[in-house]
Amino acid sequence: IACLHMLSMRKLDQNQWFRLISSLPPALFEASNAAAQRANERGIEPNSIDMLVEQLKFHRSLSKMGSTLVTAHLAHITTDKDISSGSGAKFDAVSSYLRLLSEMMSHPSGVICGSQINTWVGLLRDPAIVRTNVLSPHLGRVLTAYMNHIVKIRWEDVWEQEHPYSALIDASWDDDEEYNDWLGNLRSKTSQLFRSIGNTEPEIAATAIHSKICTLLNAHCNGEPRDRLNPENNELTMKSTACLQLEGAAQPLDNILNGLPSWSIDDGNYDEK
């Protein structure tokens, strides 16, 4: 990965770059299968917490390298006629590579998607890329990942090993101070991302945030599971699960609504002219 990361920062010509992004997804698929088989032989369940912790450094480096490979070569995407037309071998190669990046973001550690935030913001800021449909199939996964990871982790659960991913979280950040710094930085950067997706793909953004809010209301509308209560009045506190989850949804909801173009909320009186 270190060699690939150095290569990703070089100014590759267009043919070299397309060859590289075309070969990486199948190569990584084979590597993942091989790693799972080796883990099985050692008695470690694939996708178990132990496996995720063991491979965290690799996955983190892979996500960083993969996003750098895009960020450093945006011009190859904006100037290619196949990509602009939405068809052809090069369009398929870029689309497959972006799918690889977006699927990485389902990883339960936030540091994986955190490594990619600048790349997705950069892609969405480029008018030439936004005019194509190369981003659309992946933005739902991107939105879901960032909406999940800007919800604050209750660090006491990590200390007490009550969080289902305690070991992985502990391996991802040194302590709660480092985590809080990371979370603040991520929330700052995702504000632009949420607004941009709301503006360029309002249907995807509205569908994602609607699903998120409905899920939260179904799970926490009465404060369930009513944990971490104030002992004096038996009321919810800011450390209660319901409060943490709803607080985490406020930012994407606000950013997406502010990013929606006027025509998407037209009451019938909007004139395109």
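These notes cover the structure that comes with them. Just so it is clear, the structure is predicted and the values come from calculations on it, not from any experiment.

## Let's talk about the packing of helix 7 (residues 89-104) against helix 11 (residues 136-149)
- Two elements in contact, helix 7 and helix 11, have axes separated by 9 Å at closest approach and are oriented at 10°. By the angle between their directions, the pair helix 7 and helix 11 is classed as roughly parallel. Every residue of helix 11 that contacts helix 7 at Ser95, Leu98, Arg99, Ser102 and Glu103 is listed here: His138, Arg141 and Val142.
- When the residues that make up the contact of helix 7 with helix 11 are grouped by side-chain class, the tally is two nonpolar, three polar and three charged.

## What about the pattern of salt bridges?
- Per the stated rule, a full pass over the model turns up nine salt bridges.
- Across the salt bridge formed by Asp157 and Arg228, the nearest N and O atoms sit 2.8 Å from each other. Here Asp157 is found in helix 12 (residues 155-159), whereas its partner Arg228 is found in the loop between helix 15 (202-220) and helix 16 (241-259), with 71 residues between them in sequence.
- In this structure Arg228 comes out as partly exposed when scored by relative accessible area, which is 30%.
- Arg187 is paired through a salt bridge with Glu247; the nearest N and O atoms lie 2.9 Å apart. Here Glu247 lies in helix 16 and Arg187 lies in helix 14 (residues 176-200), a separation of 60 residues in the sequence.
- Through salt bridges that share partners, Arg154, Asp157, Glu160, Glu162, Asp227 and Arg228 make up one connected network.

## Description of the packing of aromatic side chains
- According to the stated counting rule, one finds five aromatic pairs in the structure shown.
- With a centroid separation of 5.0 Å and 70° between ring planes, the pair formed by Trp17 and Phe18 is classed as edge-to-face. Residues Trp17 and Phe18 agree in their burial class; the two are buried.
- Members of the aromatic cluster, each reached through a chain of ring pairs, are Trp155, Trp173, Tyr179 and Trp182.

## Details of the packing of helix 11 against helix 14
- At a minimum axis separation of 10 Å, helix 11 and helix 14 run at an interaxial angle of 145°. Here helix 11 runs over helix 14; the crossing is left-handed. Of the residues in helix 14, those touching helix 11 at Leu139, Val142, Leu143, Tyr146, Met147 and His149 are Trp182, Leu183, Leu186, Thr190, Leu193, Phe194 and Ile197.

## Examining a negative patch on the surface
- Negative charge collects at one region of the surface, where Asp170, Asp174, Asp175, Glu177, Glu178 and Asp181 lie side by side.
- A total of three residues in the negative patch trace back to one element, the largest contributor, which is helix 14.
- With respect to the element layout, Asp181 can be found in helix 14.

## Topic: the nonpolar core
- Counting 61 residues, the largest nonpolar core has Trp120, Tyr146 and Leu193 as the members making the most contacts within it.
- With residues up to four places along the chain from it excluded, the contact list for Tyr146 reads Met105, Cys113, Gln116, Ile117, Trp120, Leu186, Thr190, Leu193 and Phe194.

## Section: the environment of Leu100
- As for its position among the elements, Leu100 is in helix 7.
- Its relative accessible area of 17% is what places Leu100 among the buried residues.
- Expressed as a C-alpha distance, the spacing of Leu100 and Asp176, which sit 76 residues apart in the sequence, is 30 Å.

## Structural notes on the environment of Leu143
- Its place among the elements puts Leu143 in helix 11.
- A relative accessible area of 0% places Leu143 in the buried class.
- Taking the C-alpha atoms as reference, Leu143 lies 22 Å from Pro25; in sequence the two are 118 residues apart.
- Other than its neighbours up to four places away in sequence, Leu143 contacts Phe194, Ile197, Ile204, Ala205, Ala208 and Ile256.

Conventions we followed
Residues numbered from 1 in each chain as written. Predicted model: local features only at pLDDT ≥ 70, side-chain atom pairs only at ≥ 80, totals over all residues. Heavy atoms only, no water. Axes fitted to C-alpha atoms, helices over the stretch in contact; angles between N-to-C directions. Helix = DSSP H or I, 4+ residues; strand = E, 2+ residues; numbered from the N terminus. Parallel < 35°, antiparallel > 145°, perpendicular 65-115°, else oblique. Contact = heavy atoms within 4.5 Å. Nonpolar A, V, L, I, M, F, W, Y, C, P; charged D, E, K, R; others polar. Salt bridge = Lys/Arg side-chain N within 4 Å of Asp/Glu carboxyl O. Buried < 20%, exposed > 50% of the residue type's maximum accessible area, 1.4 Å probe, protein only. Phe/Tyr/Trp six-rings, centres within 6.5 Å; stacked < 30°, edge-to-face > 60°. Left-handed = near helix turned anticlockwise from the far one by under 90°. Patch = residues over 30% accessible without salt bridge, like charges linked within 9 Å, V, L, I, M, F, W, Y side chains within 5 Å. Areas by Shrake-Rupley, 256 points an atom, 1.4 Å probe, with all protein chains shown as cover. Lys, Arg positive; Asp, Glu negative; His and termini not counted. Charge placed at Lys NZ, Arg CZ, Asp CG, Glu CD. Core = buried A, V, L, I, M, F, W, Y, C linked by side-chain atoms within 4.5 Å.

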